[in-house]
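Analysis of the macromolecular model
One-letter residues, chain by chain:
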Amino acid sequence: MTFAPGKAAVGSALPAALSEESEATHKEMVDAIRMLAADAVEKAKSGHPGLPMGMANVAAVLWTRFLKFDPSATEWEDRDRFILSAGHGSMLLYALLYLTGYEDVTIDEIRNFRQLNSKTPGHPEYGVTRGVETTTGPLAQGLGNAVGMALAERLRNARWGDEVVDHFTYCIVGDGCLMEGLSQEAISLAGFLRLARLIVLWDDNRISIDGPTSLTTGENHLARFEACGWDAVTVDGEDAEAVAAAIAKAKLSDKPSLIACRTTIGMGAPNKGGTAATHGAPLGSDEVNATRRNLGWPYPPFMVPPHILNAWRRAGQRSVPEREAWESRFAAMAEDKRAEFLRTSRGRLAPGWQTPLNEFKQKLAKDQPTWATRKASGQALEILTASFPELIGGSADLSESVFTQTSHTADIGPGDYTGRYIHYGVREHAMAAIMNGMALHGGFIPYGGTFLVFADYMRGAMRMSALMKQRVIYVLTHDSIGVGEDGPTHHPSETLAGLRVMPNLLVFRPADAVETFECWVVALTEYDMPSCLALTRQAVPAVRKEHESVNLSARGAYVLEEAECGEREVTLFATGSEVHVAVKARERLEAEGIATAVVSMPCWKLFDLQSERYRREVMGPDWPYCVRIAVEAAISPGWDRYIGENGIFIGLKDFSLSAPGPVLFDYFGITPDNVVANAREAVARRRVTCRRPAQRIGIDVVG
């Protein structure tokens, strides 16, 4: 079925209402959203009908009069971005996608809401449903993503101009989003950077799960946003013309805008509307029927009559002429410019990118610098940011400590988006959420730095990076007790273990400059996985002293030094700064006639993905034929699957202490002396055990 585009003026300050040229009234179009939401939640016996019913009018105004989109071209680069930060109200988005004609969301998918393998999961999920720009549900994450998308739009506009990049980012938030601390971090930075093409619509229904929001909060959100450099207004969310006027005004502002839409949660439900009962549970069949009568909606569940659906489908076609005009402008660009735009949009690396990187790696192997791996990362970034203009860096007020700014990454500032470096301030959570938004928008590869221990501040957003399979790179320095005198508050004793268990997140802990560079290359080439680089504060000696054209770190673990004086009796596993501890211990053990290998394990997850044959070759024999010892300045969870139940772990078992770094390594026994002593004892037991039936000797050597 083909529908003619509506006649509403594209880009006009206040477009004519679509109802003026359609048999369907605006109220009917709004009520279609409300009843689809109520019916879908009722059928699923699960969901959140309150927000979709309350914000239906606001969303209808936005989608029929302002939002620039084309359901038949879901990847159109210059479409407006729409983010439902209050993702629990997902039926609002699914109803809009169905009504405007997105292929993925049919009426059968609406009926299949919240069911296995449906296109309409409980919360919107990026990559599952076309038209969903980001995964939302954890409150305020979508708002942080929206700031990232709005920033990415300005950055691309500064590079390509209005003819190619000229769109807005709209975001619906709820009371819960604005309660989350992440929201303050995000709006503060957005206001400071003057991201004027960001428009946030607040579902101001004053209801949360526990009841009225007056139970928990009383702040003036408009004053809060204004203090952060935003425009902020209040409108009646049921007054379509007032909503339209507010959006039109916001589009002309030189600041980001908040529009507080005073709404009624569960609008239309005669008994439960306006109460917490509509927030997170089905209305119940009696209340759904009563809502039908109250709204004057005589149609059965999941039926949208043709005159209403046709009006919505025309709204979905409204931006087709604008999209076609954009395609003509894009086609008129020089071929090399088009190719570069598409390359960066798709996240692909430029042809020939390996050459300067290989040259730098050869130099590192030759020079064997004794650098902290955070410094090695900074040196790698000098090469990488020169080679990849799409790399956009930043840090949470720690640039000089984490070495994330290079000579190629000028500052991004208020109104100046030509640079490549974001000073996020002490806003770790927002940094991660904003980087997710930039990655989702396309055109850039974001990376950001802070201390490893502060990953806990941004873990929610890091989890979303992994869930959405976004190439976001976290530079996390000061990775162990090597931080020293700052003490256990700044020693990430348990942080590595917590990050390593997260699905689809690559956690690298390189041993020296060569491994650091190799890990950076992997992070850039893994298109659908975020990465963390855990890097030392203290200098470490080079352990990779011969150039290898192959990226050994890409396999997750490899034999750094094989046993030479006989069949392996000991395998020493280590990561990061402890690899050189293992190397020194091996030298002494080999001199004593104990055949010892060292395995460097910069990335467990990549190692786990290798073939069983490769993993067996690297790990070597297990007890009782060989002693396995792991050395890491962290706690032990996870190491057991590599060293086995009879293996020895040398590291921490608790939080650490405050003292100079070298003193702490000695205190906790993370030294070549202690490794050698434990290896000797275990080898003696092994030799006895091999002459009798094997017995379990599980050992933990910890401070």
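As a reminder, the structure under discussion sits directly above these lines.
To start, this report covers the structure provided alongside it. (Residues numbered from 1 in each chain as written. Predicted model: local features only at pLDDT ≥ 70, side-chain atom pairs only at ≥ 80, totals over all residues. Heavy atoms only, no water.)

1. Some words on the layout of surface pockets
By rolling a water-sized probe across the atoms, one finds the places where empty space is left. Note the threshold: A cavity, in this analysis, means grid points on a 1 Å lattice covering only the protein atoms where a 1.4 Å probe fits yet has no way out; a pocket is instead an open set bounded by protein on both sides within 12 Å along at least five of seven lines, and a residue lines either one if it has an atom within 4 Å of a point. Grid points are joined across faces, edges and corners, and a volume is the space filled by probe spheres set on the points. Here a helix means four or more residues in a row that DSSP labels H or I, a strand means two or more in a row labelled E, and each is numbered from the N terminus. Three classes are used: nonpolar for Ala, Val, Leu, Ile, Met, Phe, Trp, Tyr, Cys and Pro, charged for Asp, Glu, Lys and Arg, and polar for all others, with Gly counted as polar.
For the largest pocket, the calculated volume is near 870 Å³. Taken together, 39 residues form the lining of the largest pocket, with Glu75, Tyr126, Ser345, Ala439 and Leu440 sitting closest to its centre. Counting only elements with at least two residues in the lining of the largest pocket, the list comes to strand E1 (81-84), helix H14 (335-346) and helix H18 (428-441). Looking at side-chain class alone, the lining of the largest pocket contains 14 nonpolar, eleven polar and 14 charged residues.

2. Here's the deal with the sheet that holds strand E3 (residues 198-204)
Applied cut-off: Strand pairing follows a simple DSSP-based rule, namely that at least 2 bridges must link the two strands. Here, axes are lines fitted to C-alpha atoms. For helices the fit covers the stretch in contact, and angles between N-to-C directions go from 0 to 180 degrees. Only heavy atoms matter for contacts: two residues are in contact if any of them lie within 4.5 Å across the pair.
One open sheet holds the five strands; their spatial order is E1-E2-E3-E7-E6, and the pairing between them is parallel. Edge positions in the sheet fall to E1 and strand E6 (231-236), since each has one partner strand and no second. Averaged over all neighbouring strand pairs, the angle between strand axes comes to 20 degrees, with direction disregarded. Sheet analysis places E1 next to strand E2 (residues 169-173), joined by four bridges and oriented parallel. From the neighbouring strand, arginine 81 faces E2, where its bridge partner is threonine 169. Strand contacts of helix H6 (residues 141-160): E1, E2 and E3, with the helix running at about 170 degrees to E2, the strand carrying the most contacts.

3. Some words on the side chain of threonine 373
The topology assignment puts threonine 373 in helix H16 (residues 373-387). Those residues within four positions of threonine 373 in sequence are excluded, and the remaining contacts are Pro510, Ala511, Asp512, Thr516, Leu535, Thr536, Gln538 and Val540.

4. Some details on the pattern of salt bridges
Heads up, the rule is: When a carboxyl oxygen of Asp or Glu lies within 4 Å of a side-chain nitrogen of Lys or Arg, that pair is called a salt bridge. A 1.4 Å probe rolled over the protein chains alone gives each residue an accessible area, and that area as a share of the maximum for its type sets the label: buried under 20%, exposed over 50%, partly exposed in between.
If you walk through the whole model with that rule in mind, you get 40 salt bridges. Ionic pairing is found between arginine 130 and glutamate 103, a salt bridge with its closest N-O pair at 3.9 Å. Of this pair, arginine 130 sits in the loop between helix H5 (107-111) and H6 while glutamate 103 sits in the loop between helix H4 (90-100) and H5, placing them 27 residues apart in sequence. Note on arginine 130: relative accessible area 39%, which makes it partly exposed. Under the relative-accessibility criterion, glutamate 103 is labelled exposed at 63%. Between arginine 588 and aspartate 673 there is a salt bridge, and its shortest N-O distance comes to 2.3 Å. Note that arginine 588 is positioned in helix H22 (residues 579-591) and aspartate 673 in helix H27 (residues 672-689), a separation of 85 residues in sequence. We classify arginine 588 as partly exposed; its relative accessible area is 34%. Exposure remark for aspartate 673: the relative accessible area of 48% places this residue in the partly exposed category.

5. A word on H4
Most of H4 sits out of view: eleven of its eleven residues are buried. Within H4, the full set of buried residues consists of Ser90, Met91, Leu92, Leu93, Tyr94, Ala95, Leu96, Leu97, Tyr98, Leu99 and Thr100. In the stretch just after H4, glycine 101 is the one whose phi turns positive, near 105 degrees.

6. Focus: the packing of aromatic side chains
Think of a pair of aromatic rings as described by two things: how far the centres are apart, and how the planes are tilted against each other in angle. Selection rule: Two rings from Phe, Tyr or Trp (for Trp, the six-membered ring) form a pair when their centres sit within 6.5 Å of each other. Planes less than 30 degrees apart are called stacked, planes more than 60 degrees apart edge-to-face, and all others tilted. Any Lys NZ or Arg CZ found within 6 Å of a ring centre and within 35 degrees of that ring's normal is scored as a charge over the ring.
Under the counting rule described, the total for this entry stands at 21 aromatic pairs. Taking the centre distance of 5.0 Å and the plane angle of 65 degrees together, the rings of phenylalanine 360 and phenylalanine 517 count as edge-to-face. One end of the pair, phenylalanine 360, is in helix H15 (residues 354-367); the other, phenylalanine 517, is in helix H21 (residues 513-525), with 157 residues separating them in the sequence. With a relative accessible area of 12%, phenylalanine 360 lands in the buried category. Relative accessible area serves as the criterion here: at 2%, phenylalanine 517 is assigned to the buried category. Three or more aromatic residues joined by ring pairs make a cluster, and in this case those are Trp604, Phe607, Tyr614, Trp639 and Tyr642. The ring of phenylalanine 168 carries the charged tip of lysine 251 above its face, separated from the ring centre by 5.0 Å. For arginine 313, the ring lying beneath its charged end belongs to tyrosine 98, and the centroid distance is 5.3 Å.

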